[in-house]
Amino acid sequence: MTKIRTRYAPSPTGKMHVGNLRSALYEFLIAKHAEGDFMLRIEDTDQERFVEGATEIIYRTLEKAGLTHDEGPDKDGGYGPYVQSERMKTGIYMKYAKELIEKREAYYCFCDKERLSSLKTEVVEGKEIMIYDKHCLSLSKEEVEANLAAGKPYVIRQNNPQEGSTTFHDELYGDITVENAELDDMILIKSDGYPTYNFANVVDDHTMNITHVVRGNEYLSSSPKYQRLYEAFGWEVPAYVHLPLITDENHKKLAKRSGHSSFEDLLEQGFVAEAVVNYIALLGWSPEDNREIFSLEELIREFDYRRISKSPAVFDIVKLRWMNGEYLKTMDFDTFYGMAEPYLRQSLTKDFDLKKIAAMVKTRIEVFPDIAGQVDFFESLPEYDVQMYVHKKMKTDLGSSLEVLQELLPILERQEDYGNDSLYQTLTDYVAQKGCKNGYVMWPVRTAVSGRQMTPAGATEIMEILGKEESLARIRKGIEKLQDA
Ligand code: GLU
């Protein structure tokens, strides 16, 4: 059996977007599922779109996402160079373009800008494209040679027939047939000598023995032209998997500016890499049993590209937040603490036991920035409405709360040990002596020490963190508030 070889072939044009990462992930999973090789190839032939530093982002993102490549510019596997601008210098693209010219499957085109701009245009998928009229196809061999000898600028174009049709196969979409007359004579080699993406991807996928090509379905409409190139060369066509569009909640294409469309932006917003990767895996793919939480190892085992859906996938930040929360819950504490600490320190400057606070919030947050809202009351007692003491289910009202706090104050003043266990004992002894329910006492105490309706821990755990002095000050404040009410 042939070894499965997949490639992630990004263009270094900026941040790595969710859609790019999904292609990389699926390519990685297809390869690893079959114990094949996952390769990284940098497609930098479009020099105008090249962005300084973008290649580093690609490396960083793959590493953080755990998508280790077996081959690439930094790991030679015998198929290099792995950067298209370096491949170009080996003459590979020109060599194959000339082979096509020999076969009348391609031709030199010397048309200048003026002539091209006078040609008909057509609107294809919202973009205005020029339809080349095959003018230069009729040049004689001698004319071509004279032009080349005179140093006239040229491009090399694919020669698509006016008759017949071309069929190509996509693993998800099945067979797709188009009339050849609809295929424009796309440029294979540009006037700067660089190949176009359209040409380079075919030459490279073939010469690098790629078996599966996964990419966004914006390439679907060009695929018949790639098919014609493969056929012209007599090369075996790799399996194509064109992925569904990723949209936002409003079913519009996920905009690059949406704020959470790039992997690094998401990490900066406090998401965990594993959770983002898990979530992205489900943007278009689902397992048979609709399970949702997968480690990368589990994805490798379960991933079957035949189960990728053709319908657009909605990027739902609420769902991603939920998933991230699930990851935080099961994360081991030390890792969690390492990541949470900077966020805790941002909200808490006093000498608190941050580890204890981290343990309190671990199961209550979805992303790290949620920490602030959970813990800020430790730093200073927030302004709160006295009506918060009234709780129907706990059977508390302003009067009962005042009574409880006033009775507890001297007891808590006498108490030496402000550890949670011993505070809890004190409060439950008081509950027993009063013959009431726990909540009747715990509710007003927790309200007084936190000023919050919802807290990441119970009254006595909060008091332990605050310490004796601050806890008493807050209880006295509560008594004052209740007396003034
Ligand atoms: N360089 C192309 C891009 O970044 C890759 C498309 C492909 O995977 O073939 O969109």
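For the structure, see preceding data.
Please read these numbers as outputs of a predicted model, since none were measured by experiment.

A. Spatial organisation of the overall build of the chain. Each helix and strand counted, the chain has 20 helices and 13 strands in total. Against the globule reference of 23 Å for 485 residues, the chain gives a C-alpha radius of gyration of 32 Å, more extended than a compact globule. Projected onto the principal axes, the alpha-carbon positions of the chain cover approximately 110 × 50 × 35 Å. Buried positions account for 50% of the 485 residues belonging to the chain. Looking at the chain alone, contacts between residues at least 24 apart form 73% of all its contacts between residues at least 6 apart. Total accessible area computed for the chain in this model is approximately 23700 Å², and 48% of it derives from carbon and sulfur atoms. If the 60 positive side-chain charges of the chain are averaged to one point and the 81 negative ones to another, these points end up 2 Å apart.

B. Molecular detail of the environment of Gly164. With respect to the secondary-structure elements, Gly164 resides in the loop between β6 (155-158) and β7 (165-170). The class of Gly164 is partly exposed, set by a relative accessible area of 42%. For the pair Gly164 and Glu179, spaced 15 residues apart in the sequence, the C-alpha separation amounts to 6.2 Å.

C. Main features of the site of the ligand. Taken together, the residues surrounding the ligand are Arg7, Ala9, Pro10, Ser11, Glu43, Tyr197, Arg215 and Tyr219. Between the ligand and Ala9 there is a distance of 2.8 Å, counted from a nitrogen atom to a backbone nitrogen or oxygen. At a separation of 2.4 Å, an oxygen atom of the ligand approaches a polar side-chain atom of Tyr197. Compared with its free state, where it exposes 300 Å², the ligand has 84% of that area covered by protein. Its residues assigned to classes, the shell around the ligand shows four nonpolar, one polar and three charged.

D. Quick peek at the state of the cysteines. Counted by the stated rule, this structure contains zero disulfides. Free of any disulfide, Cys109 has its nearest cysteine sulfur in Cys111, 4.0 Å distant. The thiol sulfur of Cys111 is not disulfide-bonded, and the nearest other cysteine sulfur, from Cys136, lies at 3.7 Å. Residue Cys111 is classed as buried on the basis of its relative accessible area of 15%.

E. Expanded view of the packing of helix α16 (residues 398-414) against helix α18 (residues 438-450). Relative to each other, α16 and α18 sit at 80°, their axes nearing to 9 Å. The angle between α16 and α18 places the two elements in the roughly perpendicular class. Touching Ser400, Ser401, Val404, Leu405 and Leu408 of α16 are Tyr440, Val441, Pro444, Val445 and Ala448, all from α18. Broken down by class, the residue content of the contact of α16 with α18 amounts to eight nonpolar, two polar and no charged.

F. Here's a closer look at the sheet that holds strand β9 (residues 187-189). Taken in spatial order, the three strands line up as β3-β6-β9 in an open sheet, and their pairing is antiparallel. The open sheet has two edge strands, β3 (106-109) and β9, and neither has a second partner. Geometrically, the sheet is characterised by an average inter-axis angle of 40° between neighbouring strands, direction not taken into account. With two bridges joining them, β6 and β9 adopt antiparallel strand pairing. Paired with Ile156 across the two strands is Ile189, which belongs to β9.

G. A look at the packing of aromatic side chains. Counted under the stated rule, the structure contains 22 aromatic pairs. On the basis of an interplanar angle of 85° and a centroid distance of 5.6 Å, the ring pair of Phe28 and Phe38 is categorised as edge-to-face. Here Phe28 is found in helix α1 (residues 18-33), whereas its partner Phe38 is found in strand β2 (residues 37-40), with 10 residues between them in sequence. Here the two residues Phe28 and Phe38 agree in accessibility, since each one is buried. Where Phe333 meets Phe336, the ring centres are 6.5 Å apart and the plane angle is 40°; that geometry is what we call tilted. With Phe333 and Phe336 both in helix α13 (residues 333-347) and three residues apart, the pair spans about one turn of that helix.

H. Here's a closer look at the layout of surface pockets. By volume, the second largest pocket is sized at about 360 Å³. Lining the second largest pocket are 15 residues; nearest its centre among them are Ile101, Glu102, Tyr108, Lys141 and Val144. For the lining of the second largest pocket, the elements supplying multiple residues, two or more each, are α4 (92-102), β3 and α6 (141-149). Ranked by the residues each element gives to the lining of the second largest pocket, the list is headed by α6, at four residues. Of the residues that constitute the lining of the second largest pocket, the class distribution is nine nonpolar, one polar and five charged.

I. Fine view of the side chain of Asp184. Residue placement: Asp184 occurs in the loop between β8 (174-179) and β9. Setting aside its immediate chain neighbours within four residues, Asp184 contacts Asn160 and Lys225.

J. Highlighting the pairing of β7. Only one face of β7 is covered, namely the one carrying Thr166, Phe168 and Asp170; the face carrying Ser165, Thr167 and His169 has none of its residues buried. Pairing of β7 with β8 involves six bridges; the strand directions are antiparallel. Looking at β8, one finds that His169 is bridged to Asp175. The hairpin turn running from β7 into β8, its antiparallel successor, is three residues long.

K. Layout of helix α8 (residues 223-233). α8 sits mainly inside the fold: 10 of its 11 residues count as buried. Considered for burial, the residues of α8 that qualify are Ser223, Pro224, Lys225, Tyr226, Gln227, Arg228, Leu229, Tyr230, Ala232 and Phe233. Just downstream of α8, Gly234 is the residue with a positive phi angle, here 75°.

The rules behind these values
- Residues numbered from 1 in each chain as written.
- Predicted model: local features only at pLDDT ≥ 70, side-chain atom pairs only at ≥ 80, totals over all residues.
- Heavy atoms only, no water.
- Helix = DSSP H or I, 4+ residues; strand = E, 2+ residues; numbered from the N terminus.
- Rg over C-alpha atoms; globule rule 2.2 N^0.38 Å.
- Buried < 20%, exposed > 50% of the residue type's maximum accessible area, 1.4 Å probe, protein only.
- Contact = heavy atoms within 4.5 Å.
- Areas by Shrake-Rupley, 256 points an atom, 1.4 Å probe, with all protein chains shown as cover.
- Lys, Arg positive; Asp, Glu negative; His and termini not counted.
- Charge placed at Lys NZ, Arg CZ, Asp CG, Glu CD.
- Near = heavy atom within 4 Å.
- Polar contact = N/O pair within 3.5 Å; in protein donor to acceptor, adjacent residues only side chain to side chain.
- Nonpolar A, V, L, I, M, F, W, Y, C, P; charged D, E, K, R; others polar.
- Disulfide = S-S within 2.5 Å.
- Axes fitted to C-alpha atoms, helices over the stretch in contact; angles between N-to-C directions.
- Parallel < 35°, antiparallel > 145°, perpendicular 65-115°, else oblique.
- Pairing = 2+ DSSP bridges.
- Phe/Tyr/Trp six-rings, centres within 6.5 Å; stacked < 30°, edge-to-face > 60°.
- 1 Å grid on protein atoms, 1.4 Å probe; cavity = no way out; pocket = protein on both sides within 12 Å on 5 of 7 lines; lining within 4 Å.
- Points joined across faces, edges and corners; volume = space filled by probe spheres on them.

Everything listed is a geometric property; what it means functionally is a separate question.
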